[in-house]
Amino acid sequence: DVPYADQLLAKEQQVAALFEGIAPAGALLSILGMDDPFHYRNKVISPYAPAKGAKRKRKDAKLTRADILTGMYEVGTHRLIPTDTCAIENETAKKVTLAIRDIMARWGMEPYNEDTGAGFVRHAVVRVGHTTGEVLVTLVTNGQQFPGAKSFCRELVRRCPFITTVVQNINERQTNVVLGQREQVLYGPGFILDKLCGLSFRISSQSFYQVNSVQTEVLYRHAIELAGFTGAEHAIHAYCGTGTIGLVAASMGAAQVTGVDCVESSIRDARQNARHNGVDNARFAVADAGAFMRDMAAQAAAAGRAGTDEEGRPLVLLMDPPRAGSTEGFLRAAVQLAPERIAYISCNPETQVRDLGFLKQFCYGVRTVQPVDMFPHTDHIETIALIERM
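Rules used throughout
- Residues numbered from 1 in each chain as written.
- Predicted model: local features only at pLDDT ≥ 70, side-chain atom pairs only at ≥ 80, totals over all residues.
- Heavy atoms only, no water.
- Salt bridge = Lys/Arg side-chain N within 4 Å of Asp/Glu carboxyl O.
- Buried < 20%, exposed > 50% of the residue type's maximum accessible area, 1.4 Å probe, protein only.
- Helix = DSSP H or I, 4+ residues; strand = E, 2+ residues; numbered from the N terminus.
- Contact = heavy atoms within 4.5 Å.
- Pairing = 2+ DSSP bridges.
- Axes fitted to C-alpha atoms, helices over the stretch in contact; angles between N-to-C directions.
- Expected span 1.5 Å × (residues − 1).
- Arc of directions from axis to C-beta.
- Polar contact = N/O pair within 3.5 Å; in protein donor to acceptor, adjacent residues only side chain to side chain.
- Phe/Tyr/Trp six-rings, centres within 6.5 Å; stacked < 30°, edge-to-face > 60°.
- Lys NZ or Arg CZ within 6 Å of the ring centre and 35° of its normal.
- Parallel < 35°, antiparallel > 145°, perpendicular 65-115°, else oblique.
- Left-handed = near helix turned anticlockwise from the far one by under 90°.
- Core = buried A, V, L, I, M, F, W, Y, C linked by side-chain atoms within 4.5 Å.

Peer 1: Mind showing me how you'd approach the pattern of salt bridges here?
Peer 2: Applying the stated rule across the entire model yields 18 salt bridges. Here R313 and D309 are joined by a salt bridge, their closest N and O atoms 2.7 Å apart. Here R313 and D309 have matching classes, each one buried. Ionic contacts of the salt-bridge type, sharing partners, join the residues R65, D84, R101 and D102 into one network.

Below, the structure is given as structure tokens:
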């Protein structure tokens, strides 16, 4: 119920308090909010569970919609709160999750029971392409055998004709992790396409892709702008995932981009995204980012060219670590690499400030801090910090 303008002001004040003593006066820019801060989540995860007291007296008793809960968990618990509408979830995706619930009831498809491990349908994960409108539905099941899978898809697409593809993901473990390792395509190509900053990205059930596409464009464009690419720099993109930020940098001023991530499937997607977009000045490596940078720094030191690549191009580091922030080992490797500038994107300003304090000991100072409201109506804030070698 807090007006959006007041939310933005509170977040800006929170960032200002966190960066006091780390960022100089005037470094903090105004937070970038949304024109329409509703229904922005293009990825909706909906668990399915038996309603309390929904145990049927006879095995042949008919399953009803009232017997199946879908919605979201109460914070810090596994108590499922049924929701037919949500102010931040994509409305198209929400229609799909409710249609699945109705088909489950009609066809007697039991929801998963966390206590007993029984039941078939665990979750639906729905992704909607912001610019393309393509829809990927991942149905997470407690078992591989899916009798009537083709008929299920036909009925789901009949009710929701905007669906592009349906994938079955198999998760038979008793775990809080949503997705399992095995999956099969039931309908369509198994992936969707979406556009971001003028580039096209392939999104599958396991792909990492930001859930707020509107603000992701804002975040990426400002990060690239702050990085100050002139066409002469070599960008090292650490924690690169599927390569989105690095590919945007490659198309918006970096002479060369090298993305590094330890997750092989992410690097495979990054390379495919580069080919798909015809980006030939980006390469991607499966490696620990810290070890990769230490090796690169050692080669540069041996050749007497600290802070540059083998062609003498100045290095710029792009980093977007997880909420826990970076490790001391990674930050020491970054210092050894000696980039001219670091554009540090963070989904947790508290750990970012900690990391910036470490870098300050090695003559890297904060020049600009740009907060971005990626998740309106929540407590989360993303920040971009431009750090320069002093």
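There is more to say, and it comes next.
Peer 1: For this particular structure, what's the right way to read the environment of R41?
Peer 2: Its location among the elements puts R41 in the loop between α1 (4-19) and β1 (43-50). Under the relative-accessibility criterion, R41 is labelled partly exposed at 25%. Through-space distance from the C-alpha of R41 to that of E91 is 9.1 Å; in sequence the pair is 50 residues apart. Contact partners of R41, with chain neighbours within four places excluded, come to I88, E89, N90, V211 and F375.

Peer 1: What am I meant to see in unusual backbone geometry here?
Peer 2: Note on backbone geometry: most residues besides glycine have negative phi, and most peptide bonds are trans. Positive phi is not limited to glycine here, since Y239 has a value of about 55 degrees. Mapped onto the elements of the fold, Y239 is located in the loop between β10 (234-238) and α5 (244-251). Non-glycine residue C363 carries a positive phi angle of around 65 degrees. The topology assignment puts C363 in the loop between α9 (349-360) and β15 (364-372).

Peer 1: Sorry, what's going on with the sheet that holds β1 here?
Peer 2: Hydrogen bonds between backbone groups are what pair the strands of a sheet, and the pairing can be parallel or antiparallel. Strand order in the open sheet formed by seven strands is β3-β2-β1-β4-β5-β6-β7, with mixed pairing between adjacent strands. Looking at strand neighbours, the two that pair on one side only are β3 (80-82) and β7 (182-187), the edges of this open sheet. With strand direction ignored, the average angle separating the axes of adjacent strands in the sheet is 35 degrees. Bridge analysis of β1 against strand β2 (residues 68-73) gives three bridges, and the strand direction is antiparallel. Among the inter-strand pairings, P50 is bridged to a residue of β2, identified as I68.

Peer 1: Looking at this model, I keep getting lost on helix α7 (residues 289-302). Mind explaining?
Peer 2: Helical geometry: 3.6 residues make up each α-helical turn, so side chains three or four residues apart lie on a common side. Here α7 is 14 residues long and its end C-alpha atoms lie 20 Å apart, about the 20 Å a rise of 1.5 Å per residue gives. Three or more residues of α7 are buried, namely A289, G290, M293, M296, A297 and A300. The buried residues of α7 occupy an angular sector of 130 degrees when the element is viewed end-on, so they sit on one face. Exposed residues lying more than 90 degrees from the buried face of α7 are Q299 and A302. Turning to α7, the residues buried within the fold contact β10, β11 (256-261), β13 (315-319) and α8 (328-337). The N-terminus of α7 is capped by D288, whose side-chain oxygen sits 3.1 Å from the backbone nitrogen of G290.

Peer 1: Can you help me understand the packing of aromatic side chains in this one?
Peer 2: The relative placement of two aromatic rings is captured by the distance of their centres and the angle of their planes. Under the criterion given, the structure shown has six aromatic pairs. Their ring planes at 70 degrees and their centres at 5.2 Å tell us that F120 and F146 sit as a pair that is edge-to-face. With F120 in the loop between α2 (91-107) and β4 (121-128) and F146 in the loop between β5 (135-141) and α3 (149-159), this pair connects stretches of sequence that are 26 residues apart. Using a relative accessible area of 16% as the deciding quantity, one classes F120 as buried. An angle of 45 degrees between the planes, with centres 5.3 Å apart, marks the rings of F358 and F362 as tilted. Residue F362 is classed as partly exposed on the basis of its relative accessible area, which comes to 31%. Feature note: the residues W107, F120, F146 and F152 constitute an aromatic cluster, connected by ring pairs. The ring centre of Y112 lies 4.1 Å from the NZ or CZ of R122, which sits over that ring. Over the face of the ring belonging to F191 we find R202, whose NZ or CZ atom lies 3.9 Å from the ring centre.

Peer 1: Help me understand the packing of α7 against α8 in this model?
Peer 2: Each pair of packed helices gets described by two things: the angle between the helix axes and the distance between those axes. Relative to each other, α7 and α8 sit at 25 degrees, their axes nearing to 8 Å. Accordingly, the angle class assigned to the pair α7 and α8 is roughly parallel. Of the two elements, α7 crosses α8, and the hand of that crossing is left-handed. Taking contact as the criterion, the partners of A289, G290, M293, R294, M296 and A297 in α7 are, on α8, G329, F330, A333, A334, Q336 and L337.

Peer 1: Help me out: how do you make sense of the nonpolar core in this one?
Peer 2: Counting 48 residues, the largest nonpolar core has F229, L247, F284 and L318 as the members making the most contacts within it. In terms of residues, this core owes the most to one element, helix α4 (residues 213-227), which gives six residues. Counting residues in hydrophobic clusters, the runner-up holds 33 residues, among them A289, M296, A338 and V353.

These values are about where atoms sit, not about what they do.
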